[in-house]
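# Coordinate analysis (summary)
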Amino acid sequence: QVQLVESGGGLVQAGGSLRLSCAASARTFTDYTMGWFRQAPGKEREFVAVIHWSSSITYYADSVKGRFTISRDNTKNTVYLQMNSLQPEDTAVYYCAAGFRGRVGLLASLLGYDYWGQGTQVTVSS
């Protein structure tokens, strides 16, 4: 089993930045595609960003492309989400997810992930 713990959420004003971290307990962290999803009140959980387990290819939702950056540090079993130019529309609970040797075709899908963190709240005020 893999445990994921998110941190770094908080309250920021529009235009500000936050960096989210997700610490994984996986014994073979490099075997996992790591993704970030978010869920706003009353909305479905949506894809934000992903980094592939093998190729390190990254992919972003159109809504965050150019503003958010996903990265991973395999020596620390940690994935990050750097969020810049935050907007009120980014307000949501952000979830870290891990998929064992995730398939390219499922990188942006909830179905591509086996483990989920508990989430961290990000609130962006006007």
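Scope of this entry: the structure provided in the associated data block. Small disclaimer: the values here were computed from a predicted structure and weren't measured. (Residues numbered from 1 in each chain as written. Predicted model: local features only at pLDDT ≥ 70, side-chain atom pairs only at ≥ 80, totals over all residues. Heavy atoms only, no water.)

## Quick look at the sheet that holds strand β3 (residues 18-24)
Just so we agree on the cut-off: Two strands make a pair as long as DSSP finds a minimum of two bridges between them. Note on conventions: DSSP H or I runs of at least 4 residues are helices, E runs of at least 2 residues are strands, and numbering of each starts at the N terminus. An axis is simply a line fitted to the C-alpha atoms; with a helix, the fit covers only the stretch in contact. Between two such axes, the angle follows the N-to-C directions and lies from 0 to 180 degrees.
An order of β1-β3-β8-β7 is seen for the four strands of this open sheet, with the pairing classed as antiparallel. The sheet is open, and its two borders are formed by β1 (4-7) and β7 (68-73), each paired with just one other strand. The average angle at which neighbouring strand axes cross in this sheet is 15°, direction not considered. Relative to β3, β1 runs antiparallel, the two sharing four bridges. Along β3, the bridge assignment pairs Glu6 with Cys22.

## Here's the deal with the side chain of Asp31
This is how the line gets drawn: Every residue pair with non-hydrogen atoms within 4.5 Å of one another is taken to be in contact.
Along the polypeptide, Asp31 turns up in the loop between β3 and β4 (32-39). When residues no more than four places from it in sequence are discounted, the contact partners of Asp31 are Trp53, Gly99, Phe100 and Arg101.

## Topic: the nonpolar core
General note: in soluble globular proteins, nonpolar side chains tend to be found buried as a group. Put simply, the test is: What makes a nonpolar core is a set of buried Ala, Val, Leu, Ile, Met, Phe, Trp, Tyr and Cys residues whose side-chain atoms join them at distances within 4.5 Å. Categorising residues by exposure relies on relative accessible area from a 1.4 Å probe, with only protein chains included: less than 20% of the type maximum marks a residue as buried, more than 50% marks it as exposed, and the intermediate range marks it as partly exposed.
Membership of the largest hydrophobic core comes to 38 residues, with the highest contact counts inside it found for Leu4, Met34, Trp36, Leu81, Met83 and Tyr94. Contributions of two or more residues to this core are made by β3, β4, β5 (46-51), β7, β8 (78-83), β9 (92-100) and β11 (120-125). Not counting the four nearest positions on each side in its chain, Tyr94 is found in contact with Glu6, Leu20, Trp36, Phe37, Arg38, Val48, Phe68, Leu81, Met83, Gly119, Thr120 and Val122.

## Digging into the pairing of β9
Within β9, seven of the nine residues are buried, leaving the element largely enclosed by the surrounding structure. Summarising the sheet, β4 and β9 pair through eight bridges and their orientation is antiparallel. Note that in β9 the partner of Arg38 across the bridge is Tyr94. Here two bridges tie β9 to strand β10 (residues 115-116), and the two strands are oriented antiparallel to one another. Across the sheet, Ala97 pairs through a bridge with Trp116, a residue of β10.

## Thoughts on the state of the cysteines
Note on terminology: disulfide describes a covalent bond linking the sulfur atoms of two cysteines. This is how the line gets drawn: The disulfide criterion used throughout: a pair of cysteine sulfur atoms within 2.5 Å.
Tallied over the full model, the rule gives one disulfide. Here Cys22 engages in a disulfide with Cys96; their sulfurs sit 2.0 Å apart. Judged by the sign of its S-S torsion, about -80°, the bond between Cys22 and Cys96 is left-handed. On the criterion of sequence distance, the pair formed by Cys22 in strand β3 and Cys96 in strand β9 is long-range, its members being 74 residues apart. Take Cys22: its relative accessible area is 0%, and that puts it in the buried class.

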